[in-house]
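# Observations on the three-dimensional arrangement
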Amino acid sequence: MAARKYSRQRELIKNFLLSRKDHPSADIVYMNVRKQHPNISLGTVYRNLTLLAEDGEIRRLNVGDGIDHFDADTSPHYHFVCRQCGSVIDLEMESIDEITDRASASFDGQIEGHVTYFYGTCCSCTAQSAP
């Protein structure tokens, strides 16, 4: 793949994502990047998020809420999704890569990796619902 031409807008988007741990949606990225670059359009943000994800510079997360979330941390890691508030949180845990080996044992094709999301209630929502 040929290197892409430099884009200040793409750099602003990536830098914004690098500053976050909350896995924002494209709309959140747009609202925040627009503060630094008022003329940027939502379409430009979507296009650049797509390019960054295609190039492997960020991750696009589809956690089942119908909204794409974006993560600048491309290292292998797992996510927790709160069913109450919708937050997407990085889980600090050891790798469970053995799941790929277990799946490969009963599959004739070649498995290259896996995506795992954990669902439940985050500590903030749990604390709010406690008596």
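Refer to the structure presented above.
Residues numbered from 1 in each chain as written. Predicted model: local features only at pLDDT ≥ 70, side-chain atom pairs only at ≥ 80, totals over all residues. Heavy atoms only, no water.

With that settled, the discussion passes to the layout of surface pockets. Empty pockets left among the atoms are what a rolling probe the size of a water molecule brings to light. Here the largest pocket defines a volume of roughly 340 Å³. What lines the largest pocket is a set of 20 residues, and nearest its centre among them are R59, P76, H77, Y78 and H79. Examining the composition of the lining of the largest pocket, we find that three residues originate from one element, strand β1 (residues 59–62), more than from any other. Class assignment of the residues belonging to the lining of the largest pocket gives a composition of seven nonpolar, five polar and eight charged. (1 Å grid on protein atoms, 1.4 Å probe; cavity = no way out; pocket = protein on both sides within 12 Å on 5 of 7 lines; lining within 4 Å. Points joined across faces, edges and corners; volume = space filled by probe spheres on them. Helix = DSSP H or I, 4+ residues; strand = E, 2+ residues; numbered from the N terminus. Nonpolar A, V, L, I, M, F, W, Y, C, P; charged D, E, K, R; others polar.)

This part takes up helix α2 (residues 26–36). Side chains that are three or four residues apart share a direction in an α-helix, a result of its 3.6 residues per turn. Along α2, the residues classified as buried are A26, V29, Y30 and V33. Down the axis of α2, the sector holding all buried residues measures 100 degrees, keeping them to one side. Where the residues of α2 are buried, they touch α1 (8–18), α3 (42–54) and β2 (68–71). (Buried < 20%, exposed > 50% of the residue type's maximum accessible area, 1.4 Å probe, protein only. Arc of directions from axis to C-beta. Contact = heavy atoms within 4.5 Å.)

Applying the stated rule across the entire model yields zero disulfides. There is no disulfide at C82, and the cysteine sulfur nearest it, in C122, is 3.7 Å away. Not part of a disulfide, C123 finds its nearest cysteine sulfur in C122, a span of 5.7 Å. (Disulfide = S-S within 2.5 Å.)

Turning our eyes to something else, we now look at the packing of aromatic side chains. Evaluation of the coordinates by the stated rule reveals one aromatic pair. Judged by centre distance (6.4 Å) and plane angle (80 degrees), the ring pair of Y78 and F118 falls under edge-to-face. Separated by 40 residues along the polypeptide, Y78 in strand β3 (residues 78–82) and F118 in strand β5 (residues 117–120) bring together distant segments of the chain. (Phe/Tyr/Trp six-rings, centres within 6.5 Å; stacked < 30°, edge-to-face > 60°.)

On to the packing of α1 against α2, then. At their nearest, the axes of α1 and α2 sit 10 Å apart, and the two run at 115 degrees to each other. Between α1 and α2 lies a crossing whose hand is right-handed. Here L12, I13, F16 and L17 of α1 come into contact with α2, specifically with I28, V29, N32, V33 and Q36. (Axes fitted to C-alpha atoms, helices over the stretch in contact; angles between N-to-C directions. Left-handed = near helix turned anticlockwise from the far one by under 90°.)

Here the phi dihedral of H23 falls at roughly 55 degrees; this positive angle occurs in a residue that is not glycine. Tracing the backbone through its elements, the reader meets H23 in the loop between α1 and α2. Given a relative accessible area of 3%, H23 falls into the buried group.

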